Amino acid sequence: GAGVSQSPSNKVTEKGKDVELRCDPISGHTALYWYRQSLGQGLEFLIYFQGNSAPDKSGLPSDRFSAERTGGSVSTLTIQRTQQEDSAVYLCASSLAIGAGANVLTFGAGSRLTVL
Amino acid sequence: EDQVTQSPEALRLQEGESSSLNCSYTVSGLRGLFWYRQDPGKGPEFLFTLYSAGEEKEKERLKATLTKKESFLHITAPKPEDSATYLCAVQVTGGSYIPTFGRGTSLIVHP
């Protein structure tokens, strides 16, 4: 597609429920990133996928968070047993293959999660 | 630990009143420094990449500069449509390609 697509754009859930957030990156972009943005906070790194390599999960805040990327394209971020502190905007970004230079990220519009 | 600090947190300007946003960074080795613009309800949008001290990039009313310790985003004669949050990010050498972001500067330009 022309840009990074995320769904749903808005999700309200009850504490303790599981949620899935989807990201469809730009075609041909092999790197995919998930960040979390809370009110008044910067972008907090969650997880990074690059091609067929093992993902970098170093930013996941707890074992309730997981993500997968199928076929090197679409990615799903899953949050189990949601807590109120999980409320945030979840941003997905993609970029071209890693090279010698710095790589520019293209972001989606985000999925706003509210946990009641 | 790599750190990125942006100041001020918020800035209010009158239309036409020029100013600068600051991004200071502490990293082991800089691969690149990025500036992004974020409008409410949207994801960040890329503005500039700077690679080495002394480098400058310009786009319309925006000019980004880089030293060994900080970057400035200069806004000349801003217009209300320049109102947004401006984010700085760094990518380091030697391993991870994951950009580290600052908390941003929220800019409001009054007509």
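These numbers were taken from a predicted model, which means no experiment stands behind them.

**Student:** Would you take a moment to explain the nonpolar core for this structure?
**Tutor:** In globular proteins that are soluble, nonpolar side chains generally tend to be buried together. Ranked by size, the top nonpolar core spans 22 residues in total, and within it B:L33, B:W35, B:L73 and B:Y86 carry the most contacts. Going through the elements one at a time, β2 (10-14), β3 (19-26), β4 (30-38), β5 (45-50), β7 (62-66), β8 (70-75), β9 (84-92) and β11 (105-110) of chain B are the ones with two or more residues in this core. Ranked by the residues each element gives to this core, the list is headed by β9(B), at four residues. One finds A:V4, A:L46, A:L60 and A:A67 within the second-largest nonpolar core, a separate group that totals 20 residues.

**Student:** What should I look at first to understand the packing of aromatic side chains in this one?
**Tutor:** Geometry of an aromatic ring pair is reported as the spacing of the ring centres plus the angle between the planes. Applying the stated criterion to the full structure yields 10 aromatic pairs over all chains. In this structure an aromatic cluster arises from ring pairing among A:Y33, A:Y35, A:F45, A:Y48, A:F107, B:F34, B:Y36, B:F46 and B:F101.

**Student:** I'm lost on the interface of chain B and chain A in this one. Help?
**Tutor:** For an interface, size is often stated in terms of accessible area lost upon the parts coming together. Contacts between the two partners involve 20 residues from chain B and, on the opposite side, 22 residues from chain A. Buried area between chain B and chain A, summed over both chains or domains, comes out near 1,600 Å², and the portion from carbon and sulfur atoms is 60%. Put simply, chain B and chain A have zero salt bridges between them. Our count for the chain B to chain A interface comes out at five residue pairs in polar contact (both at pLDDT 80 or more). Mapped onto the side of chain B that touches chain A, the elements with two or more residues apiece are β4, β5 and β9 of chain B. Looking at the side of chain B that touches chain A, the element that brings in the most residues is β4(B), giving five residues.

**Student:** I tried to follow the sheet that holds strand β6 (residues 65-69) of chain A on my own but got confused; where do I start?
**Tutor:** Paired through their backbone hydrogen bonds, the strands of a sheet run either parallel or antiparallel. Residues and elements named next belong to chain A. Pairing is antiparallel in the open sheet, where four strands are placed in the order β1-β3-β7-β6. Two strands in the sheet have a free side with no partner beyond their single neighbour: β1 (5-7) and β6. Direction aside, neighbouring strands of the sheet carry axes that sit 15° apart on average.

**Student:** Looking at this model, I keep getting lost on the layout of surface pockets. Mind explaining?
**Tutor:** Vacant regions in the atomic arrangement are exposed by a probe of water-molecule size rolled over the atoms. Quantified by volume, the largest pocket comes out at close to 660 Å³. Lining the largest pocket are 26 residues; nearest its centre among them are A:Q37, A:S38, A:L39, A:G40 and B:Q38. Elements supplying a minimum of two residues to the lining of the largest pocket: β8 (88-95) and β10 (111-115) of chain A together with β11 of chain B. Looking at the lining of the largest pocket residue by residue, the class counts come to seven nonpolar, 14 polar and five charged. Put simply, the second largest pocket is a space of about 530 Å³. If you go around the second largest pocket, you meet 25 residues; those closest to its centre are A:L43, A:F45, B:D2, B:T100 and B:F101.

**Student:** Help me understand the pairing of strand β1 (residues 3-7) of chain B in this model?
**Tutor:** Successive side chains on a regular strand alternate, one facing one side of the sheet and the next facing the other. Residue and element names in this part refer to chain B. Here β1 shows one buried face, formed by V4 and Q6, and one open face, formed by Q3, T5 and S7. Taken together, the five bridges between β1 and β3 define a ladder with antiparallel strand orientation. Looking at β3, one finds that T5 is bridged to S24.

**Student:** Would you take a moment to explain the environment of B:P78 for this structure?
**Tutor:** Residue and element names in this part refer to chain B. Position of P78 relative to the elements: it lies in the loop between β8 and β9. Sequence separation between P78 and R61 is 17 residues; the distance between their C-alpha atoms is 6.8 Å. Setting aside its immediate chain neighbours within four residues, P78 contacts L13, Q14, E15, G16, E17, S18, R61 and V109.

**Student:** I tried to follow the sheet that holds strand β6 (residues 56-59) of chain B on my own but got confused; where do I start?
**Tutor:** Residues and elements named next belong to chain B. Across the sheet, which stays open at both edges, the five strands sit in the order β1-β3-β8-β7-β6 with antiparallel pairing between neighbours. Because the sheet does not close on itself, it has two edges, and the strands there are β1 and β6. Here the strands of the sheet are splayed against their neighbours by 15° on average, with no regard to which way each runs.

**Student:** Where do I start with the state of the cysteines in this structure?
**Tutor:** Two cysteines joined by a covalent bond between their sulfur atoms form a disulfide. All names here are of chain A. Applying the stated rule across the entire model yields two disulfides over all chains. Across the disulfide from C23 sits C92; the S-S distance is 1.9 Å. Between C23 and C92, the S-S dihedral sits near -65°, and the bridge is therefore left-handed. With C23 in strand β3 (residues 19-24) and C92 in strand β8, this pair connects stretches of sequence that are 69 residues apart. Taken individually, C23 and C92 each receive the classification buried, so the pair is uniform in this respect.

Calculation rules
- Residues numbered from 1 in each chain as written.
- Chains lettered and ligands numbered in written order.
- Predicted model: local features only at pLDDT ≥ 70, side-chain atom pairs only at ≥ 80, totals over all residues.
- Heavy atoms only, no water.
- Core = buried A, V, L, I, M, F, W, Y, C linked by side-chain atoms within 4.5 Å.
- Buried < 20%, exposed > 50% of the residue type's maximum accessible area, 1.4 Å probe, protein only.
- Helix = DSSP H or I, 4+ residues; strand = E, 2+ residues; numbered from the N terminus.
- Phe/Tyr/Trp six-rings, centres within 6.5 Å; stacked < 30°, edge-to-face > 60°.
- Contact = heavy atoms within 4.5 Å.
- Buried area = accessible area lost by both parts, 1.4 Å probe.
- Salt bridge = Lys/Arg side-chain N within 4 Å of Asp/Glu carboxyl O.
- Polar contact = N/O pair within 3.5 Å; in protein donor to acceptor, adjacent residues only side chain to side chain.
- Pairing = 2+ DSSP bridges.
- Axes fitted to C-alpha atoms, helices over the stretch in contact; angles between N-to-C directions.
- 1 Å grid on protein atoms, 1.4 Å probe; cavity = no way out; pocket = protein on both sides within 12 Å on 5 of 7 lines; lining within 4 Å.
- Points joined across faces, edges and corners; volume = space filled by probe spheres on them.
- Nonpolar A, V, L, I, M, F, W, Y, C, P; charged D, E, K, R; others polar.
- Disulfide = S-S within 2.5 Å.

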